[in-house]
Amino acid sequence: MPTHHTPESIIIADTPAAILEWAARHIEHVGIHKGPRLFDGPGRTATLPCWPCAALQVAAGHGRGAAGRTYDWDRIDRARDQAFAILAETLTVGADDPAAAKALRREAIDRWSAEPGRTAADAAHAFRTAAARAEHALF
């Protein structure tokens, strides 16, 4: 079944690789917006900015669950956390502590995202590189 990569979709990915791929397509659609334009752009949500960490949250269903539909949120949340870890490790290859705590992973992703000239294409490439790693990871 094809995944619909839009914030309006009720389909929620539940594996790290699928979440990363969904986030890649989402960030390609919405772009990366910084500063006062953080919530600008097509496909944004009311609570999540157009930013790589937010793209992972949207991909994992944050603010997208459909009323009356059952989701395995424990599985989705575990997969989301694993996606964050794999992305952070992908972006910090050669760093002193690639297995940092959850907060440090998000900080690493945000620092990478904020580098001058960072584009949505860069973020989508990073998501897909991490998704390829996730396909082969044992959790």
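Residues numbered from 1 in each chain as written. Predicted model: local features only at pLDDT ≥ 70, side-chain atom pairs only at ≥ 80, totals over all residues. Heavy atoms only, no water.

Novice: So, helix H5 (residues 120–136): which residues are in play, and what are the values?
Specialist: In an α-helix there are 3.6 residues to a turn, and that puts residues three or four apart on one side. An ideal rise of 1.5 Å per residue puts 24 Å on 17 residues; H5 measures up with 25 Å between its terminal C-alpha atoms. Within H5 the residues assigned to the buried category are Ala-120, Ala-123, Ala-124, Ala-126, Phe-127, Ala-130, Ala-131 and Ala-134. An end-on view of H5 places all buried positions within 160° of arc, on one side of the element. Set apart from the buried face of H5 by more than 90 degrees, the exposed residues are Ala-121, His-125 and His-136. (Helix = DSSP H or I, 4+ residues; strand = E, 2+ residues; numbered from the N terminus. Expected span 1.5 Å × (residues − 1). Buried < 20%, exposed > 50% of the residue type's maximum accessible area, 1.4 Å probe, protein only. Arc of directions from axis to C-beta.)

Novice: Run through the packing of aromatic side chains, naming residues and quoting values.
Specialist: Enumeration over the complete set of coordinates arrives at 1 aromatic pair. Taking the centre distance of 5.1 Å and the plane angle of 50° together, the rings of Tyr-71 and Trp-73 count as tilted. Exposure remark for Tyr-71: the relative accessible area of 14% places this residue in the buried category. The ring of Trp-112 carries Arg-118 above its face, with NZ or CZ at 3.8 Å from the centroid. (Phe/Tyr/Trp six-rings, centres within 6.5 Å; stacked < 30°, edge-to-face > 60°. Lys NZ or Arg CZ within 6 Å of the ring centre and 35° of its normal.)

Novice: Quick one: what's the story with the nonpolar core, residue by residue and with numbers?
Specialist: Core analysis: the largest hydrophobic core is formed by 38 residues, its most contacted members being Ile-19, Leu-20, Ile-27, Leu-56, Leu-87, Ile-109 and Phe-127. In this view, Leu-87 contacts Leu-20, Leu-56, Ile-109, Ala-126, Phe-127 and Ala-130; residues no more than four positions away in its chain are not counted. (Core = buried A, V, L, I, M, F, W, Y, C linked by side-chain atoms within 4.5 Å. Contact = heavy atoms within 4.5 Å.)

Novice: Break down the pattern of salt bridges for me, with residues and values.
Specialist: For the structure shown, the criterion picks out 9 salt bridges. Glu-21 is paired through a salt bridge with Arg-25; the nearest N and O atoms lie 2.9 Å apart. Of this pair, Glu-21 and Arg-25 both sit in helix H1 (residues 16–30), 4 residues apart, which is roughly one turn of the helix. Using a relative accessible area of 22% as the deciding quantity, one classes Glu-21 as partly exposed. Residue Arg-25 is classed as partly exposed on the basis of its relative accessible area, which comes to 41%. With a closest N to O distance of 2.4 Å, Arg-118 and Glu-115 form a salt bridge. Given a relative accessible area of 38%, Glu-115 falls into the partly exposed group. Via salt bridges that share partners, Glu-21, Arg-25, Glu-28 and Arg-128 belong to a single interconnected network. (Salt bridge = Lys/Arg side-chain N within 4 Å of Asp/Glu carboxyl O.)

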